[in-house]
Amino acid sequence: MEKTVLSVENLWISIRQDKPVVQDISFAICQGTVLGIVGESGSGKTMLCKAILGLLQHQSSVAVTGRVLVNGKDILKISARELQSMRGNEIGVIMQNPMTAFNPLIKIGGHIIETLMAHRTISKQEAYATGIAMLKKMNLPRPEEIMNSYSCSLSGGMLQRIMAAIAMASSPAVLIADEPTTALDVKNQALLLDEIEKIKNEEKPGIVLVSHDLAVIARIADEVAVMKAGKIVEQGQIYQVFEEPVHSYTKELLSARLMGGRRVRC
Ligand SMILES: Nc1ncnc2c1ncn2[C@@H]1O[C@H](COP(=O)(O)OP(=O)(O)OP(=O)(O)O)[C@@H](O)[C@H]1O
């Protein structure tokens, strides 16, 4: 039996004492398993990801209760310093918009070397060589040229795969990917999904993958959770939920996808 790397228990999130935007969510993810999260806009998917990344509990307007255990450590209880070290070391992230993830004034090589040196005891030269190897592993062409480029001169698809490489630099136990393919064209979507599949099979993190695109979830995820209005309304193995949905909202979502013979986003 694979080890549980992420366990979310009875998570509630409220902003400014309004109605909770995440309500009593619980799930667990094992090593090498992908949990896909789907649901309507505003259902709380991104807030859930932010809570797992420990980005919410220190905000005065946000109340977070429950437990988020990464490798057994509760993200919601640890100090800001411990959290900083866990992010990058034990939790990696691929965000939706690669353009905003990189400082436009720092070369890609600078980002990669800084990340590697923050998490490993290595020299700048070793970090450079490791960076080149990481980019090669993500099937990025001409890695030396990429190291010497600024983000504005690279495509969104390339930046997204570079972000995936950086996220995996310290082999984190958990990878959070919130809408990683949304800003990409079909070809770059496929390339990024190839890389995420490779990461899943070779490095075996537990992956939370949020996507509006049910085809993306169907391709990569092992399990799926369907969110509506802050709650998980249905959860299970991908083939089970997609082939025999039980909740009316899941049925609606799946039928909407095929409406008019065209694929639509949920
Ligand atoms: N900073 C904020 N202040 C107030 N409300 C917020 C804030 N951020 C998010 N919300 C609210 O929290 C709820 C959940 O938002 P969230 O971004 O998690 O939804 P989502 O499922 O990721 O949506 P989408 O698919 O459109 O990205 C929404 O009702 C949203 O309006």
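This report concerns the structure included in the present document. (Residues numbered from 1 in each chain as written. Predicted model: local features only at pLDDT ≥ 70, side-chain atom pairs only at ≥ 80, totals over all residues. Heavy atoms only, no water.)

## A closer look at helix 5 (residues 124–137)
Turning to step 1, where the next piece is worked out: Between its first and last C-alpha atoms helix 5 spans 20 Å; for 14 residues at 1.5 Å apiece the expected length is 20 Å, and the two agree.
Turning to step 2, where the next piece is worked out: Three or more residues of helix 5 are buried, namely Ala127, Gly131, Ile132, Met134 and Leu135. Along helix 5, the residues classed as buried sweep out an arc of 160 degrees about the axis, all on the same side. With respect to the buried face of helix 5, the exposed residues turned more than 90 degrees away are Gln125 and Lys136.
Turning to step 3, where the next piece is worked out: The inward-facing, buried residues of helix 5 contact helix 4 (108–119), helix 6 (143–147) and helix 7 (156–167).
Turning to step 4, where the next piece is worked out: Of the residues flanking the end of helix 5, it is Asn139, one or two places downstream, whose phi is positive at about 60 degrees. (Helix = DSSP H or I, 4+ residues; strand = E, 2+ residues; numbered from the N terminus. Expected span 1.5 Å × (residues − 1). Buried < 20%, exposed > 50% of the residue type's maximum accessible area, 1.4 Å probe, protein only. Arc of directions from axis to C-beta. Contact = heavy atoms within 4.5 Å.)

## Details of the site of the ligand
Turning to step 1, where the next piece is worked out: For the ligand, the full set of nearby residues is Ile15, Arg16, Val21, Glu40, Ser41, Gly42, Ser43, Gly44, Lys45, Thr46, Met47 and His212.
Turning to step 2, where the next piece is worked out: Between an oxygen atom of the ligand and a side-chain N or O atom of Thr46, the distance comes to 2.9 Å.
Turning to step 3, where the next piece is worked out: Separating an oxygen atom of the ligand from a side-chain N or O atom of His212 is a distance of 2.9 Å.
Turning to step 4, where the next piece is worked out: The fraction of the free accessible surface of the ligand (630 Å²) that becomes covered by protein chains is 59%.
Turning to step 5, where the next piece is worked out: A breakdown of the residues in the shell around the ligand according to their chemical character gives 3 nonpolar, 6 polar and 3 charged. (Near = heavy atom within 4 Å. Polar contact = N/O pair within 3.5 Å; in protein donor to acceptor, adjacent residues only side chain to side chain. Areas by Shrake-Rupley, 256 points an atom, 1.4 Å probe, with all protein chains shown as cover. Nonpolar A, V, L, I, M, F, W, Y, C, P; charged D, E, K, R; others polar.)

## Side note on the layout of surface pockets
Turning to step 1, where the next piece is worked out: The volume enclosed by the largest pocket comes to roughly 790 Å³.
Turning to step 2, where the next piece is worked out: If you go around the largest pocket, you meet 26 residues; those closest to its centre are Arg87, Val93, Met95, Met163 and Ile166.
Turning to step 3, where the next piece is worked out: The set of elements that each furnish at least two residues to the lining of the largest pocket consists of helix 1 (45–52), helix 2 (80–89), strand 6 (91–94), helix 4, helix 7 and strand 7 (174–178).
Turning to step 4, where the next piece is worked out: No other element matches the 5 residues that helix 4 contributes to the lining of the largest pocket.
Turning to step 5, where the next piece is worked out: Split by residue class, the lining of the largest pocket holds 13 nonpolar, 9 polar and 4 charged.
Turning to step 6, where the next piece is worked out: Around the second largest pocket, the lining comprises 14 residues; the ones closest to its centre are Met134, Lys137, Met138, Met168 and Glu203.
Turning to step 7, where the next piece is worked out: For the lining of the second largest pocket, a count of residues per class yields 7 nonpolar, 1 polar and 6 charged. (1 Å grid on protein atoms, 1.4 Å probe; cavity = no way out; pocket = protein on both sides within 12 Å on 5 of 7 lines; lining within 4 Å. Points joined across faces, edges and corners; volume = space filled by probe spheres on them.)

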